[in-house]
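# Structural description and commentary
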Amino acid sequence: SARTEQDYAGYLLRRLDESGWIEREQHADYTETIILPDYAFTLLEAFRTIQEQKPRQFSGQLYTAYQLITSAPNKEDFSPALAITQAYENIRLVVRGLNELNQNIRRYIERATQGRSISDLLYLQFDDYAQTLGPTYHALKTSDHISRYRRDMIRQLHAWQLDSQWVDRAAEELATQSRLSPAQAGEELNRCMQFIANQLEGLDPLLEDIDRRHAQY
């Protein structure tokens, strides 16, 4: 028999409880309180994102990384350790988002070419492409275009990597903010800078794949 929404909600709660994403506290009157561990808020954010189905925007993440690396050094309160670590997180999210966009376009094309009826295809066009994938792809090719930010960021990162005094100062700052030694902090900063440069330099095949999949649409 078909499950009701209440049945399905109960099933999800049981599964989340069994896997440790939530804790259930039963009271004397048989009501329950759902307790969320700190790490479970990541899951809630994922659910919210799926529910809203908003077009993915990369401009904020790309521009933030760009500002941190190219503009922030001119400010008196510039924090090199914070700039590198925050830029690293933003670029990591951009790359993950681009991979998601690529796979979502692939999924859309597969669904649209499985002998569906005209009504099903129109629904897919409105629900999947017009609402989320299309606007995200358009932004990627215009306001979010990687070429607007990539070269300047890579140039600055390479300059920092070659400046041992700058790396030492940044490592000392990071060491005071973490449990790392200055040597470990220096290795971490170099790892982050190399990751950012490698990801930016290696995006072309992924971007070409996105273009190729979009052309199939």
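Up top is the structure these notes are about.
Residues numbered from 1 in each chain as written. Predicted model: local features only at pLDDT ≥ 70, side-chain atom pairs only at ≥ 80, totals over all residues. Heavy atoms only, no water.

So, about the pattern of salt bridges. Evaluation of the coordinates by the stated rule reveals six salt bridges. Ionic pairing is found between Glu89 and Arg92, a salt bridge with its closest N-O pair at 2.7 Å. Here Glu89 and its partner Arg92 are both found in helix 4 (residues 80-112), three residues apart, which amounts to about one turn of the helix. Owing to a relative accessible area of 32%, Glu89 belongs among the partly exposed residues under this scheme. Exposure remark for Arg92: the relative accessible area of 34% places this residue in the partly exposed category. Close ionic contact of Arg155 with Asp152 constitutes a salt bridge, the shortest N to O distance being 2.8 Å. In this pair, Arg155 and Asp152 both sit in helix 6 (residues 150-162), three residues apart, roughly one turn of the helix. According to the relative accessible area criterion, Asp152 is partly exposed, its value standing at 33%. (Salt bridge = Lys/Arg side-chain N within 4 Å of Asp/Glu carboxyl O. Helix = DSSP H or I, 4+ residues; strand = E, 2+ residues; numbered from the N terminus. Buried < 20%, exposed > 50% of the residue type's maximum accessible area, 1.4 Å probe, protein only.)

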